[in-house]
Each structure stands twice: as structure tokens, then as C-alpha cells.
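Residue strings, one per chain:
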Amino acid sequence: MIGRAAQEKVQSLPDLAPLIEAAQSSNVVMLSERAIDEILTLVPTERTIETPPATLRTAQATLADPESHSPLGRTLAPVVSTEPTPAPRRHGLSHYSLDDFPMEAKDVDSEIEIHFDITGHSTTEGKMFDMQSCFTDRLRQIRQMMIVGRSLPRRPISNSEAWRNRQRYSSTDYEITLVGLVSETRWARSGNFNFVIEDETMQIRCSLKPPSGASNLHPALDGLMNDDVVGVSGHFLIGERNPLFLANDIHMPPLGRHSKATASEDEAVSAAFLSDVHVGSKTFLAPQWEKMIEWFRTDPLARTVKYFVLSGDGVDGVGIYPGQQRHLAITDLFNQYGELARLLEGLPDWVDLMILPGNHDAVRPAEPQPALDPEIQQDYSDAVFVGNPCDFSLHGVRILSYHGKSIDDFVAGLRSVTYSTPELAMKAMLERRHLAPSWGGKTPLSPEPEDRMVISTVPDIFVTGHVHGHYAGNYKGTTMIHSSTWQDQTDYQRMLGFQPKPCILTVVNLHTHATASIPFA
Ligand SMILES: [Fe+2]
Ligand SMILES: [Fe+2]
């Protein structure tokens, strides 16, 4: 059945097939004007999606049964909009002026220098010996940073030497400093923060009373991550059966005010940052992608974008979590990568792509992760494939890009960090100079003989993704970017009450470090 007002709308359609398909699959019997309007928001038109794969088209053309609570057919976006409208220049874009770019990106030669990428350099056999080397190396690297950076009140002594002389070091007159890996953290009923500290020689139990007036970010209140390297200063409390080290304070590695490197004025180009595109998922936001591609074709600002850094989870993958199959619009992994390649083809020729893997990608999950397989790379023209994390420079500006899987551990381990504040996890990483400290948590780690998850050089730009939020800011001189996603809220996120911040491209002027966030939602 069809009403009169609806009839006119239907007659004006060039092709009835998608409408009929949508109506049938949505169990719509009465085509009222309202029902038509609703269905039309789901029907792709040739203006918005030129040749959508059949699977995507079906998924988009399905209205959800209001009683089923089924995720199928949710409105991904109103795809019947006319020509994509230019993205509004908000989020402070007024300060991101074209005047700051004397050259266009296409006239500037590419300058990418990779400092660290595990691809082809993984040497671990995954044995106990490798784990020991990895942790010993982490302890050595970060302890050295503390000594050289003078972040300890005095030179540390080994745990065994402290223990041997515990009688002597049992008074406030003999304060000593230890450095080690943290484990067994918990708060006592008294509010004291208890933990164990271990170096190459032995473990020592420590207890720290939160200093009066300490901020919420003080480790005694915020907590420490398992396997963090920290310093403690204090003395032993003898008299109990097991002597306890009473810490007066906890010392983190040094992190002073960083002074950023800049690209020269005639290399003033933008680097764009994005992550978690999740191609293949039913919740991939295809129309918004078209809008971004249109922006690249038409907006003068896009002509300043020389680099496009994709920080992992480019595709949704296959078999990543139980029941993923029903959330997939493209169920074949290679087809997912093929579709991602097709989507990225839309970027202008002058843009250089850098692609890292994430935990949804087809590489080993243990970090550091190597770059995507050469077989997958074949589909992409002119992309630089690197591992995760990757430490590299663009025109001398040092960038640390890490997918961010360990943010899950930081949310679990530190009281201050939540999924809506990934920037707090990023600050915590910089403060402890480590991207993923905890072994045996949610982040699989590869025990390389040298711990390459240590942040040995403070980056000029630090970028992560993974939790589908968005942030652009500054921390102690480092530009911090939490790259946005191109995936709409998933069922799982809805269950957790988490609202992602999709479809925001973050761009940074490598000469001035001005940052802008361009929304395409
Ligand atoms: Fe993701
Ligand atoms: Fe991820």
C-alpha cells in the first residue's frame, strides 16, 4: 500500500530497486510518507556512494525492527544528502591559516626518516631468557634515564645491598634510593599504597603513605602499572617479621619541558592523523569518508596536507573477537584490505600515506608489531608500511605513533584514566617513558632482548588511537594527538555506554605545530 504524498516521492526516484529492497528487509508493509522518508535515509544514491559493494548496500538498506533491538540496519548516516557539503571550519580552525603555508604540499619533497620499526628486526624466540633480557633492558634503560636526568634524590643502590644493610638503613637519617620494576600493587585499608619493587638482585616490599595535599595523579593515589620502572626513597621498618621499606616518595623518569623541533618554513606542510578506520565493519561510516575525500579535492587547506598517518586498525579484521562475523559487512580479510586500498585511492596524489598495524590487523598481535604483509601491501600504491609502534621524523619533526592497545591496561591500572580520557593514558606513558609496561595484561607483548616499547626519545608529536576517542593538545611541550576513528558506535561500546568521537581528521602544521581538528561527521 502507498499513500498519495508518498507516491510522489517514489515516482521521483530514478531506481526503485533499493527502496523495495529496504522496505522488504525492514518489514515495512504500509509505505506512508514517513516510512518512505525513513527508508530513503538508508538507501544509497549514486551521488553519495558510487559503487558500494553488495554487502555494504544490503546492510545500509535495512531498517531495524523497532522491537528487535537488532543492530542491523541502524542509520549509519543520512546518505541521501545532496552533494557533500564542505566541512565547517570549527575547532579553532581560524588559527590554522593558509598564510602559514608558503608552499603547496605537492611542491615539497617528501622527507620521512624511520628511527625505529621492528619489521624484519624481531629477534625473540619467546623463551624465558628473552623475557628476562627484555625486563633487564627496560630496567637498565629507564634507571639510566633517571640517573642522567637527575630525577632521583641520590644515586640508587641495589635491592640486595639495601637488604644486607637493612638494620643500618632503618632510620630516617639513612634514607636510601632503590630503582626497580613494580608488582603486586594494592591499597591497604589505611590508605597506604603497597607494592613490591624488584631489580636484578631481589624483591623488596614497599609501602607509601600518600603525602598530604598530593594531587590525584600522585602514584600513591593514582596507582602504578605492573612492571613500571620507578624509584623509591625511604628507609626500612624493622621489627615486623618481614621488614618493609617505607617509601617517602616515588620517583618517575625525567620529563622536563620538551622543546619541539620544527620543519623549516619552506617545508611548512601539514601531517594528517587518523586511526581505526575499521573497513569491513557494518559500522564503518562510508558517506562521511566520501565527505572527507571531497574535502581533499576541494578545500584549499587540503593542499597543505603532505602526509596521512593511519595508526592501526585500518580494517576490522576477521576472527578478532567472538561473534565478530555478524558485525561484518565484508567477511573476507583480503577484501577488507582491498576496500581500504580503494578508499585511500581517493586521496590526492600529493599525499604520502603511512600505515601502521593495530590489534585488528593481519599481523602478529604481540607488540612491537611488524608492518602488514607484502601480499597485502601490493594493493596499495605509494604507501609506506611500518610497524607498531613507529618512531619516525617528517622534515625533522620527531613523531612517535603507537596504535594504543595498552590504553586498555592503563584504564584498568590507573584510577585517573578512563576510556573517555585516552590523553591521560598518553601522559602516563610519557611520564613513565613506556608505551605498554604491563606483561600479562590486555596488551600482548613480544619479549625482544631490547625493550623497544621504552620511549627513549621524547617525541615532538605523540599519536595514538585504538579507543576511538579524539584529542589534540599539548603535554610538557609534546603535541599529543589521539586520532579519531571512522567507525560508528558498536554494540559493545553501546553496552558499555561509551560514545566514540568518529570522523575527525587531525592536522598539524609541521613548521608552526599549529593543530586543527576537522570534523566530517
Ligand atoms: Fe580500533
Ligand atoms: Fe585497536
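Parameters and conventions
Residues numbered from 1 in each chain as written. Chains lettered and ligands numbered in written order. Predicted model: local features only at pLDDT ≥ 70, side-chain atom pairs only at ≥ 80, totals over all residues. Heavy atoms only, no water. Helix = DSSP H or I, 4+ residues; strand = E, 2+ residues; numbered from the N terminus. Polar contact = N/O pair within 3.5 Å; in protein donor to acceptor, adjacent residues only side chain to side chain. Contact = heavy atoms within 4.5 Å. Buried < 20%, exposed > 50% of the residue type's maximum accessible area, 1.4 Å probe, protein only. Pairing = 2+ DSSP bridges. Donors = N, O, S within 2.8 Å, 3.2 Å for Na, K, Ca; no water. Tetrahedral: all angles 85-135°; square planar, octahedral: opposite > 155°, others 65-115°. Expected span 1.5 Å × (residues − 1). Axes fitted to C-alpha atoms, helices over the stretch in contact; angles between N-to-C directions.

(A) Broad picture of the side chain of Ser-281. Mapping Ser-281 onto the fold places it in the loop between β7 (270-274) and α8 (286-298). Within polar-contact distance, the side chain of Ser-281 engages the side chain of Gln-487 at 3.0 Å. When sequence neighbours within four positions are dropped, the list of residues in contact with Ser-281 reads Asp-316, His-327, Leu-328, Ala-329 and Gln-487.

(B) Spotlight on the pairing of strand β9 (residues 352-356). With 5 of its 5 residues buried, β9 lies for the most part within the structure. Burial along β9 is two-sided: the residues Asp-352, Met-354 and Leu-356 and Leu-353 and Ile-355 are all buried. Note: strand β8 (residues 305-311) against β9, 5 bridges, orientation parallel. Opposite Val-309, over in β9, you have Met-354 as the bridge partner.

(C) Local environment of the coordination of the iron ion (ligand 2). Distances from the iron ion (ligand 2) to its protein donors, namely Asp-313 (OD), Asn-359 (OD1), His-403 (NE2) and His-466 (ND1), fall within the range 2.1 to 2.2 Å. Around the iron ion (ligand 2), the 4 donor atoms sit at angles spanning 87 to 159°, and that spread fits a shape best called irregular. Read in sequence order, the donor residues for the iron ion (ligand 2) give the motif D-x45-N-x43-H-x62-H. Separating the iron ion (ligand 2) and the iron ion (ligand 1) is a distance of 3.3 Å, and Asp-313 donates to both of them. In this pair, Asp-313 sits in the loop between β8 and α9 (333-345) while Asn-359 sits in the loop between β9 and α10 (374-377), placing the two residues 46 residues apart along the sequence. Assessed through its relative accessible area of 1%, Asp-313 is described here as buried. According to the relative accessible area criterion, Asn-359 is partly exposed, its value standing at 22%.

(D) View of α8. End to end, α8 covers 19 Å across 13 residues, agreeing with the expected 18 Å (1.5 Å per residue, within 8%). Residues of α8 that are buried include every one of Ala-286, Pro-287, Gln-288, Trp-289, Lys-291, Met-292, Ile-293, Trp-295 and Phe-296, and no others.

(E) Local environment of the pairing of strand β6 (residues 244-251). Bridge count between strand β4 (residues 203-208) and β6: 3 bridges; the pairing is parallel. Residue pairing for β6: Leu-208 is matched across the bridge by Ala-247. Relative to β6, strand β5 (residues 229-237) runs antiparallel, the two sharing 7 bridges. If you follow Gly-231 over to β6, its bridge partner there is His-251.

(F) Summary view of the sheet that holds β6. Strand order in this closed barrel of 5 strands is β2-β3-β4-β6-β5, and the pairing throughout is mixed. For this sheet the average axis-to-axis angle between neighbouring strands, irrespective of direction, equals 55°. Alignment of strand β3 (residues 193-198) against β4, held across 6 bridges, turns out to be antiparallel. Residue Phe-195 lies in a different strand from β4, and its bridge partner there is Cys-206. Its contacts with the sheet put helix α5 (residues 128-148) on β2 (176-187), β3, β5 and β6, and the angle it makes with β2 is roughly 125°.

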